Amino acid sequence: MGVAVKAKAALLRSRLAAFVRKMKGAAPEGDPDTGLLARAQEKMSARDAVALITAAGRANCKVLGVDGFQIVPEGHLASLDLILDLSTRPMTRAAAAETAIAFITARSTSDMLFEVVIERVDVARLARDAQAGSTPGR
């Protein structure tokens with residue numbers, strides 16, 4: 001195998017590893033602040049999810065998706081009907097927030113919980129800011 005082929009193979013392996021880390025939401029080694037996706041750390045009520053989305057808008061962060069879970073005796077039940085993926089849609093941050101809130105509102109019942117995926121943000125801090133009603137910081 002030639003040097004050029006080995007170099008291309010190494011570059012391809014490196015890019016593939018970075019892609020896998022990104023899809024898993026893990027930061028590359030040695031770079032803790034990469035701006036990769038952050039997921040809400042816990043499932044929350046519809047009201048709290050809407051508050052988190054509103055706080056994300058104030059922090060100028062785009063909502064990338066929402067996952068809904070029905071509460072059942074065995075735990076939490078996920079369904080493809082309860083997934084909203086905005087990550088590949090070309091839309092503004094405001095439009096993404098409106099779409100996410102409409103999705104949650106349409107599915108809001110007492111037996112539902114939601115997780116919100118937001119771009120490049122400390123979700124735990126954003127959730128605290130949303131609960132406190134303050135203007136969030138990044």
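Up top is the structure.
Residues numbered from 1 in each chain as written. Predicted model: local features only at pLDDT ≥ 70, side-chain atom pairs only at ≥ 80, totals over all residues. Heavy atoms only, no water.

Section: helix α3 (residues 93-107)
Here is the rule: Secondary structure elements are taken from DSSP: a helix is a run of H or I of four residues or more, a strand is a run of E of two residues or more, and numbering for both begins at the N terminus. A helix's residues, less one, multiplied by 1.5 Å, set its expected span. Working definition: with a 1.4 Å probe on protein chains only, accessible area under 20% of the residue-type maximum means buried, over 50% means exposed, and in between means partly exposed. To obtain the arc, one takes the directions from the helix axis to the C-beta atoms. Should any heavy atoms of two residues lie within 4.5 Å, those residues are considered in contact.
Between its first and last C-alpha atoms α3 spans 21 Å; for 15 residues at 1.5 Å apiece the expected length is 21 Å, and the two agree. Buried residues of α3: Ala96, Ala97, Ala100, Phe103 and Ile104, and no others. All buried residues of α3 fall inside an arc of 125° around its axis, so they share one side. What points out from α3, more than 90 degrees from its buried face, is the exposed set Glu98, Thr105 and Ala106. Where α3 is buried, its residues touch α2 (46-58), β2 (63-72), β3 (75-85) and β4 (112-118).

Here's the deal with the nonpolar core
It is characteristic of soluble globular proteins that their nonpolar side chains tend to be buried jointly. As a reminder, the rule being used: For our purposes a nonpolar core is just a set of buried Ala, Val, Leu, Ile, Met, Phe, Trp, Tyr and Cys residues, chained together by side-chain atoms within 4.5 Å.
Residues Ile53, Val66, Ala100, Ile104, Phe114 and Val116 are the most contacted members of the largest nonpolar core, which totals 22 residues. With residues near it in sequence (within four places) discarded, Val66 still touches Leu82, Ile83, Leu84, Ala100, Phe103, Ile104, Phe114 and Glu115.

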